[in-house]
There are 4 protein chains.
Amino acid sequence: MSSTWSNNITFSVFGESHGPAIGVCIDNVPPGESLDMDKLMQFMARRAPKKDKTSTQRREKDLPQIMSGFFNGKTTGTPLCAFIQNTDQHSQDYSKMQSLARPGHADYTGALRYRGFNDQRGGGHFSGRLTAPLCFAGAVAGQILERRGIYVGAHIAEIHKIKDESFDPITVSREDIIAVREKEFPTISDKKGKMMRNEIEKVRELQDSVGGVVECIAVNVPAGIGSPIFDGLENSIAQLIFGIPAVKGLEFGAGFNSAKMLGSENNDEFYVNDKGHVVTRTNFHGGILGGISSGMPVTLRVAFKPTPSISQPQRTVDYSAMKNETIAIKGRHDPCVVPRAVPCVEAAVNIALLNHMMDYPNF
Amino acid sequence: MSSTWSNNITFSVFGESHGPAIGVCIDNVPPGESLDMDKLMQFMARRAPKKDKTSTQRREKDLPQIMSGFFNGKTTGTPLCAFIQNTDQHSQDYSKMQSLARPGHADYTGALRYRGFNDQRGGGHFSGRLTAPLCFAGAVAGQILERRGIYVGAHIAEIHKIKDESFDPITVSREDIIAVREKEFPTISDKKGKMMRNEIEKVRELQDSVGGVVECIAVNVPAGIGSPIFDGLENSIAQLIFGIPAVKGLEFGAGFNSAKMLGSENNDEFYVNDKGHVVTRTNFHGGILGGISSGMPVTLRVAFKPTPSISQPQRTVDYSAMKNETIAIKGRHDPCVVPRAVPCVEAAVNIALLNHMMDYPNF
Amino acid sequence: MSSTWSNNITFSVFGESHGPAIGVCIDNVPPGESLDMDKLMQFMARRAPKKDKTSTQRREKDLPQIMSGFFNGKTTGTPLCAFIQNTDQHSQDYSKMQSLARPGHADYTGALRYRGFNDQRGGGHFSGRLTAPLCFAGAVAGQILERRGIYVGAHIAEIHKIKDESFDPITVSREDIIAVREKEFPTISDKKGKMMRNEIEKVRELQDSVGGVVECIAVNVPAGIGSPIFDGLENSIAQLIFGIPAVKGLEFGAGFNSAKMLGSENNDEFYVNDKGHVVTRTNFHGGILGGISSGMPVTLRVAFKPTPSISQPQRTVDYSAMKNETIAIKGRHDPCVVPRAVPCVEAAVNIALLNHMMDYPNF
Amino acid sequence: MSSTWSNNITFSVFGESHGPAIGVCIDNVPPGESLDMDKLMQFMARRAPKKDKTSTQRREKDLPQIMSGFFNGKTTGTPLCAFIQNTDQHSQDYSKMQSLARPGHADYTGALRYRGFNDQRGGGHFSGRLTAPLCFAGAVAGQILERRGIYVGAHIAEIHKIKDESFDPITVSREDIIAVREKEFPTISDKKGKMMRNEIEKVRELQDSVGGVVECIAVNVPAGIGSPIFDGLENSIAQLIFGIPAVKGLEFGAGFNSAKMLGSENNDEFYVNDKGHVVTRTNFHGGILGGISSGMPVTLRVAFKPTPSISQPQRTVDYSAMKNETIAIKGRHDPCVVPRAVPCVEAAVNIALLNHMMDYPNF
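Every chain is numbered on its own, with residues counted from 1 as its sequence reads. The order in which chains are written sets their letters, starting at A; the order in which ligands are written sets their numbers, starting at 1. Thresholds applied to this predicted model are a pLDDT of at least 70 for local features of residues and 80 or more for the giving and counting of side-chain atom pairs; totals over whole chains, interfaces and linings are not thresholded and use all residues. Only hydrogens and water are removed before side-chain values are computed, so all heavy atoms of the structure are retained for them.

Draft legend 1. Representation of the interface of chain A and chain C. Contact criterion: two residues are considered in contact whenever any of their non-hydrogen atoms come within 4.5 Å of each other. Across the boundary between the two partners, chain A contributes 42 residues, which contact 42 residues of chain C. Once two parts are brought into contact, the accessible area they lose, counted with a 1.4 Å probe and summed over both, makes up the buried area. Of the roughly 3,300 Å² buried at the junction of chain A and chain C (both faces included), carbon and sulfur atoms supply 65%. Sorting elements by how many residues they give to the side of chain A that touches chain C places strand E2 (residues 10-15) of chain A first, with five residues. When residue character is reported, Ala, Val, Leu, Ile, Met, Phe, Trp, Tyr, Cys and Pro are called nonpolar, Asp, Glu, Lys and Arg charged, and the others, Gly included, polar. Here the side of chain A that touches chain C is composed, by residue class, of 16 nonpolar, 19 polar and seven charged. Numbering of helices and strands runs from the N terminus; a helix is a DSSP stretch of H or I covering at least four residues, while a strand is a stretch of E covering at least two.

Here is the structure:
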């Protein structure tokens, strides 16, 4: 089911970059949840192209219109459908390259999968634009979670070898999360943020692009949500995170570093803290054991490859003519998707957490 | 659905470490597929405890008995159910620690999730033993794939900072894969394998454990399988891989390294090779673009944390009494799960690939 | 998942009677299928209110706008989303009865289910208007089926004890089906149709309503589609048919009559006909054995209760005040839903058949 | 997914009539539910062949062995798997007719669906024996429901035109239900029951078979469970009921009779009763409005065709040789499946109700 994720919540993302509209239909949203539309728009604005030069010059209003499932300021419990009209399309930019496979893009694989019938303009259904409906769904989920005290925030952890500081996986607070995620350029250290921006600008001038890493953290997730084996928090988050274009890696807690550790180092010892709660002294497990939340902050890191669209000439194929060709991608593209990916990662985590919270007694 | 994975194929894993049996029920297996039972047992034997000291001393026959869906040496198309009796249980080893949370295990989170009713002996349903039915399903899937020329193999890429060589992600062949995966200790370099074994033995003597990384590769996957957004090869593989206990990270192709690269480095340029096939000059994308196979080898790496069961004393809690305690885990445990995890990773990839191959025309 | 049906195809119906729009998002439609928009609109027009007095006086254009998944006149294979704006709403008609439960409606049960947050105007998400997106999906499925020779048609078999003739379940042809389903008032016998219209008109004048039965038949369904136990043609058709408001019964082939028969009467003997095809001499099994098509015409009958909205005063409760009350439903309502239900039944059958055809080799 | 039903609960039925075992794997059973194994066996015994001549002479112990998900007398919350060994097989009875299609059976359609690879002995996976695991799952669900006051019972409503009395759909009590369902031959009127037994015996002597109708009723189902459109109680019950072999029709409440009624007759008026509950004066809606329970008894009727296995000679085809043939079915068969179908219908309803109860607050 290409674009549908179904668990306690089902959501179906639809649309193509240059079609009339994109959107999302979310089934089984809890009824009676207020949605603050200003906060929702702020969430989506974080994904919108930045006004500075780190981002695409394409301007999109990306105003979601809610078609159903929302009445008198609250969710109804019946399907919540929103759509976003595509207004700022320059389809002519893409017209020439219909069967030129842009390296690093899904043009060739998508054409094979759909036997050439998919709308390839601007990447079509594979476009990064499809993360807008993901963010809509994630923003809705986030408001429902925050009403229950759960806060999810992400920041740019790394851009082309420049590393931000990390959240403390034990003491990180809701305030820490809010402070970072709402920055124009979300890094913990503003100094590192400035270096990253310079790096992106430098790369843009070279007609190149860079990748990076997003770190995401969730606090106040109650212990005991998620299920063993295939339906744990890690499985759900993973299935959603790999739905964001350009993601090539995902780790929880100590992640790939845990592979270098001894058990005696990596095991997080439990203790009863002075509030009478079971907590761990370290948090290498990233708040998840056996797929189930431990009550410690949930932590994860997501690797993004560099934006594949670069304006340098690249060698490629015309897969209709089966001929070697050269391509120079014009259009307007982000030299780095990572800043705009920050809310997308949060959105995926919000949805996964809300989904599993729905099994929680008295949710 | 904790232990059920459902896509084109549905499979449900059941059982507890110390219950009567564990097993798997697989629905929608293609009919008319021969199963070579010797090969199937060899696959499962790779997951069984090793005879040397790198592994648990627990002996399990792990003979799967097929209860349904298999007739006259071939799959019938109706549900294929297999179960494995639990015979070598030493439940008394676990009797004392019923509400002592073993650090790094799911004892505490599982007890919360199931309100104390789950069978916690030996980890119960969270036990690594539940990877035996996964391997059964993966072995079945693997035979169906190999009949169509697709070969999947994995090796130990890293144990506690010692690194094996890597497969060449462009030229790797079916023969390379078979040669490695069938070794007693599956590394490409036997010298590195020996170093790893020594390291594991050293750690075992220190009553400690180590983690590691498994690299997996699939060759001859036809271009065009998988679907965009939530149902791509990466999403399916991820959802299954995070069903293996102790996995903390997953990356495809260049993975976390791609975050450090420029677009001009990371983009894999296409060309038409002398056989008239579209291929790429490099393979940082790991054979998957937009969730869909490109025809290049599919490559992934999986990070495993150190075995949480170590016999050193560790601080923890009794979560019934809500008291701080100390635990020393006796039982018999692997100082490193990675060697036995190699076929588990292959199994997960086999299942995901078979699942998406079923959408392929004329499969 | 209230409004989502998921099998080989997933489709999610969204919207409320008096919200901005209703619609449907269909995932996994086969790519490259032409859609004839005129035929599609004709299909939907059959569900629209009739121009005579047998139907509601509410006028709806019900023009579906395709938002995605359709490009250059063909399906793309990515999600096909259509929506229909709600234009002709008279919400004031409903304003007074917010917590008066209309007898026979889902007002009371819906309010309980959604804790009072659902949009109850005009039935909200429970409205018969939600069959418009079902018809859209069914019309799309129907065009894909007809391209493969499969024709589905329904007619009014019974209105308030007046019975139409039946299709011959052995010899019925594609031409028979087309001839009936496209009539303004779809009965096989025009004489019976006239009697039914008179009956409906008579009942309308009495401020009352009537129920009826729709018979549906599908020809040229290849033998061998559907699956045993829970995923047979009967299961899928049933799950979809009971999604149409006012349906209270469903039978296949001889249905409830088979309960009165002897095995020697009811068993349909097989023979090889002069074209070399396996067929049956009778068709009491309705073209389905063990959930799987036999190659004979698929036949089913669907019972509809009388329209619950009648303008006579009825006793009911105010479920907020928990008081007994009287209600007289004004608004504009069909005295009989059956004529407009004919394409809805076809739509459900089209979707189920297309869904199972997608497992068919070389579909 | 032929034999898997997935909603809040997933269950997978596996096995063939003449294979080593049949069984069921149930995922997401609530944890901490006691199971009374004697009651469970009594439920299954009601499905077992009767000791008198109304039933097959085949003797089966049908003792389910629980393999997982059950510990210390309670469900654990992890998958509950049970299997039943096949012991009393007379496969030679079937050996000669490998490609003779028994009329009314799924031999021909199953062979097409599975390209001849399915195990056809005794009907294989299509056998009525597969209702034993359904009854196991239904018995488990029933105990969980009864602990919450919900009782489900069925009786034989009709055998070959002989009709039993009906439950009163308003006043029926838990005691009424228990009294009937536990009879050796479950009819409300013992006199009618005797007539039915005589009829079955008469038909058996004629080497023929008969069909019938089962009525099922559920009391104390709280108002507000189920969901609109495709996930209502009717949809779920229907999808499960059509998983029982020989079912050809299903109706809720007044069912097909409602098609003959006026709205003013069929609408069930609401009132607040003297206990302060909202109830209806009549119950033609069968306790379900808009897919959601109204709090009134849930009522349904299921039509069964006559047992297709009859020992009279019948004309048929050899579908391998594509030749006309004659068949006389020996083996041991029920002249009427209806008495043994009574607990199967209850089982399906139990599972559907438990499934939807799991969405109920504070379940």
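Draft legend 2. Layout of the environment of Arg147(D). Residue and element names in this part refer to chain D. Tracing the sequence through the fold places Arg147 in the loop between helix H4 (131-146) and strand E8 (151-159). Classification of residues uses two cut-offs on accessible area relative to the type maximum, computed with a 1.4 Å probe and protein chains only: under 20% is buried, over 50% is exposed, and between them is partly exposed. Arg147 sits in the partly exposed class, given a relative accessible area of 43%. Taking C-alpha positions, Arg147 is 9.4 Å from Ser34, a pair spaced 113 residues apart along the chain. Not counting residues up to four positions away in its chain, the partners in contact with Arg147 are Glu33 and Ser34. There is a polar contact of 2.4 Å between the side chain of Arg147 and the side chain of Glu33. Nitrogen and oxygen atoms within 3.5 Å of one another constitute a polar contact, given that in protein one can donate a hydrogen and the other can accept it, and given that sequence-neighbouring residues count only through two side-chain atoms.

Draft legend 3. Looking closely at unusual backbone geometry. You will see that Ile229(A), though not glycine, has its phi angle at about 65°, which is positive. Here Ile229(A) falls in the buried class, since its relative accessible area comes to 14%. The backbone of Met322(D) shows a phi angle near 50°, a positive value even though the residue is not glycine. For Met322(D), the position within the fold is in the loop between strand E17 (313-318) and strand E18 (323-328). On the basis of relative accessibility, which here comes to 35%, the residue Met322(D) falls in the partly exposed class.

Draft legend 4. A look at the nonpolar core. Residues belong to a common nonpolar core when they are buried Ala, Val, Leu, Ile, Met, Phe, Trp, Tyr or Cys residues joined through side-chain atoms within 4.5 Å. Within the largest apolar cluster, 152 residues are counted, with the highest numbers of intra-cluster contacts made by Phe11(A), Leu300(A), Phe11(B) and Leu300(B). Non-local contacts of Leu300(B), meaning those with residues more than four positions away in its chain, are made with Val214(B), Glu215(B), Cys216(B), Ile237(B), Ile241(B), Leu250(B), Glu251(B), Phe252(B), Val345(B) and Val349(B). In this structure, Ile144(C), Ile351(C), Ile84(D) and Ile159(D) belong to the second largest nonpolar core, which totals 151 residues.

Draft legend 5. Region of the structure containing the relation of the copies chain A and chain C. When chain A is brought onto chain C, the operation consists of a screw motion whose angular component is 180° and whose axial shift is 0.0 Å, with 0.0 Å RMSD remaining. Expressed as a symmetry operation, the mapping of one chain copy onto the other fits a two-fold axis. Residues of chain A ranked by C-alpha distance from the rotation axis are headed by Cys25(A), positioned 3.7 Å from it. When the interface residues of chain A are mapped onto chain C, 100% of them again lie at the interface, so the same face is used by both copies. Least-squares fitting of one copy onto the other uses the C-alpha atoms of those residues that reach a pLDDT of at least 70 in both copies.

Draft legend 6. Representation of the side chain of Ser209(B) within the structure. All names here are of chain B. Looking at the element boundaries, Ser209 is found in the loop between helix H5 (190-205) and strand E10 (212-219). By relative accessible area, Ser209 is classed as buried at 0%. Here the side chain of Ser209 touches Thr307 through a polar contact of 2.6 Å, landing on its backbone oxygen.

Draft legend 7. Region of the structure containing the relation of the copies chain C and chain D. Relative to chain D, chain C is turned by 180° and slid 0.0 Å along the rotation axis, the superposed coordinates differing by an RMSD of 0.0 Å. The overlap is high: 99% of the interface residues of chain C also sit at the interface in chain D, so the same surface is used on both sides.

Draft legend 8. Quick peek at the packing of aromatic side chains. Two aromatic rings, drawn from Phe, Tyr or Trp (for Trp, its six-membered ring), form a pair once their centres lie within 6.5 Å of each other, and the interplanar angle then sorts them: stacked below 30 degrees, edge-to-face above 60, tilted otherwise. A full pass over the atoms with the stated rule returns 24 aromatic pairs over all chains. Here Phe270(C) and Tyr108(D) contribute two aromatic rings whose centre-to-centre distance is 5.6 Å and whose plane-to-plane angle is 65°, an arrangement assigned as edge-to-face. With Phe270(C) in strand E12 (residues 270-272) and Tyr108(D) in helix H3 (residues 107-113), the pair connects residues from two separate chains. Given a relative accessible area of 1%, Phe270(C) falls into the buried group. Site record: aromatic cluster; members linked through ring pairs are Trp5(A), Phe11(A) and Phe230(B). If you follow Arg46(B) out to its NZ or CZ, it ends over the ring of Phe43(B), 5.3 Å from the centre. In our convention, an over-ring charge means Lys NZ or Arg CZ found within 6 Å of a ring centre and within 35 degrees of that ring's normal. Over the aromatic face of Phe363(C) sits the side chain of Arg148(C), whose NZ or CZ is 4.2 Å from the ring centroid.

Draft legend 9. Molecular detail of the sheet that holds strand E10 (residues 212-219) of chain D. Spatial strand order, E9(C)-E8(C)-E10(C)-E16(C)-E11(C)-E11(D)-E16(D)-E10(D)-E8(D)-E9(D): ten strands in an open sheet with antiparallel pairing. Where the open sheet ends on each side, the last strands, each with one partner, are strand E9 (162-163) of chain C together with strand E9 (162-163) of chain D. Strand pairing is defined by DSSP finding a minimum of two bridges between the two strands. Bridge count between E8(D) and E10(D): eight bridges; the pairing is antiparallel. Its bridge partner being in E10(D), Ile159(D) is matched across the sheet by Gly212(D).

Draft legend 10. How the structure looks around the sheet that holds strand E4 (residues 65-68) of chain A. Residue and element names in this part refer to chain A. Taking strand neighbours across the sheet as the criterion, the five strands line up as E1-E2-E3-E7-E4 in an open arrangement whose pairing is antiparallel. Each end of this open sheet is capped by a strand with a single partner; those strands are strand E1 (4-6) and E4. The average undirected angle you get between the axes of adjacent strands in this sheet is 15°. In this sheet, E2 lies alongside E1 in antiparallel orientation, the contact comprising three bridges. Bridge pairing in E2 links Thr4 to Ser12. To get an axis, a line is fitted to the C-alpha atoms, and for a helix only the part in contact is used. The angle between two axes follows their N-to-C directions and goes from 0 to 180 degrees. Sheet strands in contact with helix H3 (residues 131-146) are E2, strand E3 (21-27), E4 and strand E7 (80-85), and its direction is about 35° off that of E3.

Draft legend 11. Spatial organisation of the interface of chain C and chain D. Between chain C and chain D, the residue contacts involve 100 residues of the former and 100 residues of the latter. Taken together, both faces of the contact between chain C and chain D bury some 8,000 Å²; the carbon and sulfur share is 61%. A salt bridge links Lys248(C) to Glu234(D); its shortest N-O distance comes to 3.0 Å. Our enumeration of links across chain C and chain D arrives at 44 residue pairs in polar contact (both at pLDDT 80 or more). Its residues assigned to classes, the side of chain C that touches chain D comprises 46 nonpolar, 35 polar and 19 charged. Direction of pairing for strand E11 (residues 247-252) of chain C relative to strand E11 (residues 247-252) of chain D: antiparallel, over a ladder of three bridges. Each residue of the ladder has a partner; that of Leu250(C), found in E11(D), is Leu250(D). In what follows, salt bridge is the name for a side-chain nitrogen of Lys or Arg lying within 4 Å of a carboxyl oxygen of Asp or Glu.

Draft legend 12. Local environment of the confidence of the model for chain A. A residue's pLDDT is simply how confident the predictor is in it, with values from 0 to 100. Overall, the predicted model of chain A reaches an average pLDDT of 93, with 94% of residues at or above 70. Predicted complex metrics record ipTM = 0.96 and pTM = 0.96.

Draft legend 13. Representation of the environment of Ser68(A). Tracing the backbone shows Ser68(A) in strand E4. For Ser68(A), a relative accessible area of 1% puts it in the buried group. Taking the C-alpha atoms as reference points, Ser68(A) and Lys330(A), separated by 262 residues in sequence, lie 38 Å from one another. In contact with Ser68(A), not counting residues within four places along its chain, are Pro79(A), Leu80(A), Cys81(A), Phe14(C), Gly15(C), Glu16(C) and Ala21(C).

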